[in-house]
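Now for the letters of each chain:
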Amino acid sequence: MTGPRPGSASRLLAPEPGWTVTADVVVVGSGVAGLTAALHASRAGEVLLVTKVLVDDGSTRWAQGGVAAALGPDDSPEDHLHDTLVAGVGLCDLDAVRVLCTEGPARLRELMDLGAAFDRDGAGELSLTREGGHHRDRIVHAGGDATGAEVQRALVAAVRASPRIRLVEHALVLDLLRTADGRAAGMTLHVLGKGTQDGVGAVLARAVVLATGGMGQVYSSTTNPAVSTGDGVALALRAGAAVADLEFVQFHPTSLYLGPGESGQQPLVSEAMRGEGAFLVDADGKRVITVDEHPLADLAPRDVVAKAIHRRMLERGDDHVLLDARHLGADLLLHRFPTIVARCREAGIDPLTEPVPVAPAAHYASGGVRTDLRGRTDVPGLYACGEVACTGVHGANRLASNSLLEGLVFAARIGADLERDLPPQGEPVLGQGQAGLLDPSVRDELARAMTTGAGVLRSAGSLAETARVLRDLASRTCDTPTPAAWEASDLHAVATALVAAAARREETRGAHWREDHPEASDRWRGHLVTTLSGTRFEPLETA
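Attention in this report is confined to the structure presented alongside it. (Residues numbered from 1 in each chain as written. Predicted model: local features only at pLDDT ≥ 70, side-chain atom pairs only at ≥ 80, totals over all residues. Heavy atoms only, no water.)

1. A look at the sheet that holds strand β6 (residues 139-140)
Cut-off, in case you're wondering: For two strands to be treated as a pair, DSSP must find no fewer than two bridges joining them. Only DSSP runs of H or I reaching four residues or more are called helices, and only runs of E reaching two or more are called strands; each is numbered from the N terminus.
Ordered in space as β4-β6-β5, the three strands form an open sheet in which the pairing is antiparallel. A strand with exactly one partner marks an edge of an open sheet, and here the two such strands are β4 (67-68) and β5 (128-129). Where β5 meets β6, two bridges bridge the pair, whose relative direction is antiparallel. Considered in β6, the bridge of threonine 129 is made with isoleucine 139.

Here it is in structure tokens:
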């Protein structure tokens, strides 16, 4: 067990809970994974669904591309499995991928039964498209490029209609409540305007499901919303759970470039545009990636395209490349990509008449809290699903449009496990372990350091410097609990764990690009697993 520890505190500094509520299951997060988990868990008992801002905020509603599933007549779960394994570059869990690809179509039909309206062709059949890494048209979409919003709408309506699900909005999760023997017994959280002035309370529950989404805010530029601060991963680490594959952060190749100095959430330009025939060029009109470099060219897996863009930017000293979709025509662009066209026009760019400036931005965490096929973590009674989890599906690089599908499939599996065996309510022991809190001012410096040293391109030197900055920031503590301080502390815990894993993995594989180790190595075919004690390497078993 080596490497920097992701923070020594085992809980956040916070006031004692001023109020208490109870539920059979508490689900944290209201994206596709959290909403689906709540619906399925409600068959086991009363569910409290906790969300950080509003129930329709989060990353799901920003998903443009769609949901991948083998629904076409020329497609099969085995074909989908093959494409997923190729994208994952040798680190996918075969059993998890098989679950995803075989159960995915049924979960998607279940979503349609809830009222999700996906786009259809003139004959009334589902309109399927293709994205990076897929060899078949298997992406279901809605509203052209507004799939996430439609999925969110249908699931939110179903949750609001359920008499067994209670909703708490504007709630920031703090820490897991555990029994004396380490089982989950609920959680602490801060709710604006509830209980005492500071709003800290406790939820007692027989099981806790983390569906908190991503951690993109550890970087200066990300497609993730402001709520994606790694709260679930940080909570799990403090509770004693293991996290895995954190070094594999997928940078979406094509976020809309808004100009120098822009930071925070960047608009996404879906690779579905490349699926329809758009292509990447530099300022001189030279193609960024060709079939000589990858047989799928612009539709290669995201890590391949992001690296090609980054290389071209470095070669030329540019801060973006261009996505040319003009030849697709106004009818297709306005019908298929109305959201993207509108957002580009807001920024003063018209995709119908000019190429769109794009650049890679942090997009998706392929790693997270390690779970089994039932969504169970190392901590009894604690589950995880969606982007916060590491199910083994994505390996070193997520295949496009597998994220919404993973949320649907594994959230449903958690619900089934709870229905089979919901544990009894445990007695929580409050105040376990050392409390800590960082000053909110560390956040901007942390994001800049992560972007510079642990972003698309990494090296031993850049990662060592990032680790040094994180160590320095760890000394800037504060004793005034606020949401800003809690988020900064969570981001620091996640960033420290990510950098430790990235420094250990001395190879280039998938979304992890080491300029000092440019090739993949069989020696590193395995997973880096992090706990509060440090980071260890677990090699994959060979046949």
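2. Thoughts on unusual backbone geometry
Where we set the bar: Accessibility here uses a 1.4 Å probe with only protein chains present; expressed as a share of the type maximum, an area under 20% marks a residue as buried, one over 50% as exposed, and anything in between as partly exposed.
In the Ramachandran plot, valine 89 falls in the positive-phi region, its phi being about 50° despite a non-glycine side chain. With respect to the helices and strands, the residue valine 89 is situated in the loop between α2 (77-87) and α3 (94-113). In this structure valine 89 comes out as partly exposed when scored by relative accessible area, which is 28%. Even without being glycine, aspartate 245 reaches a positive phi, approximately 65°. Tracing the backbone shows aspartate 245 in the loop between β12 (243-244) and β13 (249-256).

3. Focus on the layout of surface pockets
Short version of the rule: A 1.4 Å probe that fits but cannot get out identifies a cavity on a 1 Å grid over protein atoms alone, an open set with protein on both sides within 12 Å along at least five of seven lines counts as a pocket, and a residue lines either if it has an atom within 4 Å of a point. Grid points are joined across faces, edges and corners, and a volume is the space filled by probe spheres set on the points.
Computed from the structure, the second largest pocket encloses a volume of approximately 630 Å³. Around the second largest pocket sit 29 residues that line it, and Ser221, Met313, Ala359, Pro360 and Thr451 are the ones nearest its centre. When contributions to the lining of the second largest pocket are tallied by element, the ones reaching two or more residues are β13, α7 (302-316), β17 (356-365) and α11 (442-453). It is β17 that contributes the most residues to the lining of the second largest pocket, four residues altogether.

4. Digging into empty space enclosed by the protein
Our working rule: Residue polarity is assigned by list, with Asp, Glu, Lys and Arg as charged and Ala, Val, Leu, Ile, Met, Phe, Trp, Tyr, Cys and Pro as nonpolar; anything else, Gly included, falls into the polar class.
For the structure shown, the criterion picks out three cavities of 30 Å³ or more. Put simply, the largest cavity is a space of about 280 Å³. Around the largest cavity, the lining comprises 20 residues; the ones closest to its centre are Arg11, Asp175, Leu177, Thr188 and Gly431. If you list the elements that add at least two residues to the lining of the largest cavity, you get β1 (11-12) and β8 (171-178). Element by element, the count of residues in the lining of the largest cavity is highest for β8, at five residues. Taken together, the residues of the lining of the largest cavity sort by class into 11 nonpolar, four polar and five charged. The computed volume of the second largest cavity comes to approximately 80 Å³. As for the second largest cavity, its lining consists of Val249, Gln250, Phe251, Arg302, Asp303, Ala306, Lys307, Asn397, Val456, Gly510, Ala511 and Trp513.

In short, the description is geometric, and any link to function would need to be established separately.
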